[in-house]
Each structure stands twice: as structure tokens, then as C-alpha cells.
Amino acid sequence: MYDFSALYEATSVSHAVQLMQEHPDAVLIAGGSDVLIKLREGKLAGAELISIYKLDELREVTIDPDGALRIGPMTSFSHATKSPVLQQYMPVLGEAADTAGGPQLRNVGTVGGNICNGVTSADTASTEVAYDAVLEITGANGVRKLSIHDFYKGPGKVALEKGELLTAILIPKESYENCYGYYIKYAMRNAMDIATIGCSVNVVLSADKQTIQRARIAYGVAGPVPMRARTAEAALAGQPVGEGAIEIVGREVLNDVNPRTSWRASADFRKQIISETARRGLRAAIERAGGVF
Ligand SMILES: Cc1cc2nc3c(=O)[nH]c(=O)nc-3n(C[C@H](O)[C@H](O)[C@H](O)COP(=O)(O)OP(=O)(O)OC[C@H]3O[C@@H](n4cnc5c(N)ncnc54)[C@H](O)[C@@H]3O)c2cc1C
């Protein structure tokens, strides 16, 4: 049984904002794959719900006039994987989405819910962090934009004020242009499991494919929130494509991370996986960009 006291269904973004003002303690529900579990466990017993499930305007991936990719937060994992726009410009996000849960979960879970829950293991989050996503947030005072780097405030805590909802995940053109990415989810089993470490790497190579112009690396579960490995990125900039770069990234990422020991894995084991996924992710991203080892 799901113990909730009322369900309000928004018919537009402005209606959702209005409902949030009228019911300030209500819980926003998108795909419901987190919220319904909390309801069933009694953690939100008696809550009022505001559903944004029917807002199809938030359920597509398009390109803004300035070239930014506009990913609607209600885009399900499955839709992200199948999106022609993402397949063309940022396939790594669809691939990351395809590692989440099982088929049923991927049909209901949304990319917006995946970051709004503030969870470090969220499979799409590290790729958005690695691509410097900008979040469009809408509330009673209008629309504001916030870098994803300022969004995570701590485990389970994000920078959404009461009465606000996420209305787009924007990927700036300079982040995805000529850029090739790769995501590795390391989990303790191949079947449905959350990440022990998630690693998203992307690179821009020089025109002759000999040099790394820019590398970006982000992790889930390497710290309390999804995070970038900036020391490693700085060490890679300008490096020739080759085994030397792989050695550098495997070593330098360890300066950036702060994994913890949990029942899933020890901190030391996670560090080993962090180093190895950086090595493998960088190699794969370089090869996708046309680099040859
Ligand atoms: C069986 C199972 C397996 C799972 N496996 C994985 C996995 O492998 N990898 C993974 O990353 N996750 C996994 N998850 C977690 C979950 O499915 C995802 O985090 C999902 O993306 C949440 O999206 P949702 O739309 O279902 O969120 P909901 O449950 O609807 O909402 C989650 C939270 O985000 C808020 N929210 C949602 N949308 C918005 C918005 N637009 N604006 C403001 N706040 C919003 C809600 O208020 C709520 O606090 C799993 C869950 C289950 C049940």
C-alpha cells in the first residue's frame, strides 16, 4: 500500500509551480521510482504528492538556438538512450542511462529525478558533471540557471528551493562539440545493481588526433556527491595520445577522490577501481575521438 493523502496532477510547468505554492509541504513526483519506494517504506507516510508525470513538454531532447542541448528532466532513461539528438551529439549520456536498473526501471525513471535525488551513485549524474551541465530551475520567481557543480550540497541534498522544479538540463555547445565520451559503471554484479564506482571521461583531441586538448573526468561514488577529477584533467591537457597519458590519469585521479568504505566495497578497493576506470575510460574516449595507441 502507498500511504499518501492527496495527488495533484500538474498540467503545465506554471501549474506545477502554482500547486507547489498551494501545497508547500507536498512532495514532487516524476517517474516515482524513488518516491514510491520511500512511500512504501513509510518514510513519506501521509504525504501529499504533486505529479509532473504528464508534462510532456519536459520529456524531450532538443537543441536550443545557442546550440546547447536541452534535455527535459522527464526524459526517461530509455528515451535518453534512444534520443536521436543524444545519439548524434552526446551518446555517452544515453549509454550511461542504459546502465541503470533493469528495463522496467529505465522506462519510468527520469534523468531529472536521477540528479534531483542528490545521490552520488546516480548513473547519469557523472556524465552531466563531466560535460559542465547547466540546470534550468523554475519557481514562483521565474527561471534561474545553475551550474551542476553548484547543485549538489551533500548526500541527498541539492540546491532546489521550496517551490522550485528542474525544467531542463542544458549541455553547452562548447562542452559537447568535437568531444567524445565514455562511461564505465563498476558494480558488484552485472545484474541490476547500483554503481560501486561510476566513471565518465570525455576528450577533445587536436585536429591531427595526436594530442589531448582537453580531458574531463567525473565520478559517482568517489565522494559524497558526484565530482570532477580536476588534478587529473589538468595533468592530461596537452599530453600526447599514448600510453603515457593512460599512466598519468591512473595515477593523478587518486589526488582528486575521497571514497568511503561501505558494505559494498572498501575505500582501498574503490581507489583501485577509480584508477582502473579512469585508465580504461580515457583509452576508450580517445579511441572514439579517432586517436590511435
Ligand atoms: C529497482 C531500482 C533500481 C535502481 N537502479 C538504479 C541504477 O542502477 N542507477 C541509478 O542511477 N539509479 C537507480 N535507481 C534509482 C532511481 O530509479 C533513479 O534515481 C531515477 O532516475 C529517479 O527518477 P524518477 O523520475 O523515478 O524520480 P522520482 O522518484 O519521481 O523523484 C526522485 C526525487 O527527485 C525529485 N524530482 C524528480 N524530478 C524533479 C524535477 N523535475 N524537479 C525537482 N525535483 C524533482 C523528487 O521530488 C524526488 O525527491 C533505481 C531505483 C530502483 C527502484
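In this text, all values refer to a predicted model and were calculated from it rather than measured experimentally.

**Thoughts on the overall build of the chain**
At step 1: Counting its secondary structure elements, the chain contains twelve helices and 14 strands.
At step 2: The C-alpha atoms of the chain give 19 Å as radius of gyration, which agrees with the globular expectation for 293 residues (19 Å, within 12%).
At step 3: Here the chain, with 293 residues, has 46% of them falling under the buried criterion.
At step 4: Within the chain, counting contacts between residues at least 6 apart in sequence, those at least 24 apart form 64% of the total.

**Observations regarding helix α11 (residues 243-252)**
At step 1: Turning to α11, its buried residues are Ala245, Val249 and Glu252. One face of α11 carries all of its buried residues, which in axial projection span an arc of 80 degrees. Seen from the buried face of α11, the exposed residues on the opposite side, beyond 90 degrees, are Glu243, Gly244 and Glu247.
At step 2: Tucked into the core, α11 has its buried residues touching β13 (212-220), α10 (230-236) and α12 (267-288).

**A short note on the packing of α11 against α12**
At step 1: Axis separation between α11 and α12 bottoms out at 8 Å; the angle between their running directions is 145 degrees. Judged by the sense of rotation from one axis to the other, the crossing of α11 with α12 is right-handed. Contacts between α11 and α12 involve Ala245, Ile246, Val249 and Gly250 from the first element and Ser275, Ala278, Arg279, Leu282 and Arg283 from the second.
At step 2: Each residue belonging to the contact of α11 with α12 can be placed in one class, and the counts come to five nonpolar, two polar and two charged.

**Observations regarding the environment of leucine 69**
At step 1: Mapped onto the elements of the fold, leucine 69 is located in strand β5 (residues 69-71).
At step 2: For the pair leucine 69 and alanine 133, spaced 64 residues apart in the sequence, the C-alpha separation amounts to 9.5 Å.
At step 3: Beyond its immediate chain neighbours, meaning those up to four positions away, leucine 69 contacts Val61, Ile63, Val85, Tyr89, Met90, Leu170, Ile171 and Tyr176.

**Focus on the nonpolar core**
At step 1: By size, the foremost hydrophobic cluster in this structure holds 88 residues, and its most contacted members are Ala16, Ile52, Val201, Val203, Ile217, Tyr219 and Ala278.
At step 2: When near neighbours in sequence (up to four residues on either side) are disregarded, isoleucine 217 contacts Ala130, Val201, Arg228, Ala229, Ala232, Glu233, Val253 and Ala278.

**Re the sheet that holds strand β10 (residues 165-171)**
At step 1: Across the sheet, which stays open at both edges, the five strands sit in the order β4-β5-β10-β6-β7 with antiparallel pairing between neighbours. Edge positions in the sheet fall to β4 (61-63) and β7 (142-147), since each of these pairs with one other strand and no more. In this sheet, neighbouring strand axes are inclined to one another by 25 degrees on average, regardless of whether the strands run parallel or antiparallel.
At step 2: One ladder, built from three bridges, connects β4 with β5; its direction is antiparallel. Paired with threonine 62 across the strands is arginine 70, a residue of β5.

**With respect to the site of the ligand**
At step 1: Around the ligand, the surrounding shell holds 29 residues, and the nearest of these are Gly31, Ser33, Asp34, Gly113 and Asn114.
At step 2: Breaking the shell around the ligand down by element, the ones donating at least two residues are β2 (27-29), α2 (35-40), α6 (103-108), α7 (111-116) and β10.
At step 3: Sort the elements by how many residues they give to the shell around the ligand and α7 lands first, with four residues.
At step 4: Of the residues contributing to the shell around the ligand, the split by class is 17 nonpolar, ten polar and two charged.

**Concerning the domain arrangement of the chain**
At step 1: If you check the domain split of the chain, you get domain 1 (4-51), domain 2 (61-172) and domain 3 (179-288).
At step 2: Summarising the inter-unit geometry, the C-alpha centres of domain 1 and domain 2 are found 19 Å apart.
At step 3: Taken residue by residue, the interface counts twelve residues in domain 1 and 16 residues in domain 2.
At step 4: Here the element with the most residues in the side of domain 1 that touches domain 2 is helix α1 (residues 13-22); it accounts for five residues.

**Observations regarding the environment of aspartate 3**
At step 1: Looking at the secondary structure, you find aspartate 3 in the segment before β1 (4-9).
At step 2: Under the C-beta neighbour-count criterion, aspartate 3 is labelled exposed, with 12 such atoms within 10 Å.
At step 3: Residues aspartate 3 and leucine 36, spaced 33 residues apart in sequence, show a C-alpha to C-alpha distance of 9.5 Å.
At step 4: With near-sequence residues (within four places) excluded, aspartate 3 lies in contact with Leu39, Gly42, Ala45 and Gly46.

Cut-offs used in this document
- Residues numbered from 1 in each chain as written.
- Predicted model: local features only at pLDDT ≥ 70, side-chain atom pairs only at ≥ 80, totals over all residues.
- Helix = DSSP H or I, 4+ residues; strand = E, 2+ residues; numbered from the N terminus.
- Rg over C-alpha atoms; globule rule 2.2 N^0.38 Å.
- Buried ≥ 20, exposed ≤ 12 C-beta atoms within 10 Å, placed from the backbone.
- Contact = placed C-beta atoms within 7 Å.
- Arc of directions from axis to C-beta.
- Axes fitted to C-alpha atoms, helices over the stretch in contact; angles between N-to-C directions.
- Left-handed = near helix turned anticlockwise from the far one by under 90°.
- Nonpolar A, V, L, I, M, F, W, Y, C, P; charged D, E, K, R; others polar.
- Core = buried A, V, L, I, M, F, W, Y, C linked by C-beta atoms within 7 Å.
- Pairing = 2+ DSSP bridges.
- Near = placed C-beta within 6 Å.
- Domains from an automatic or database assignment.

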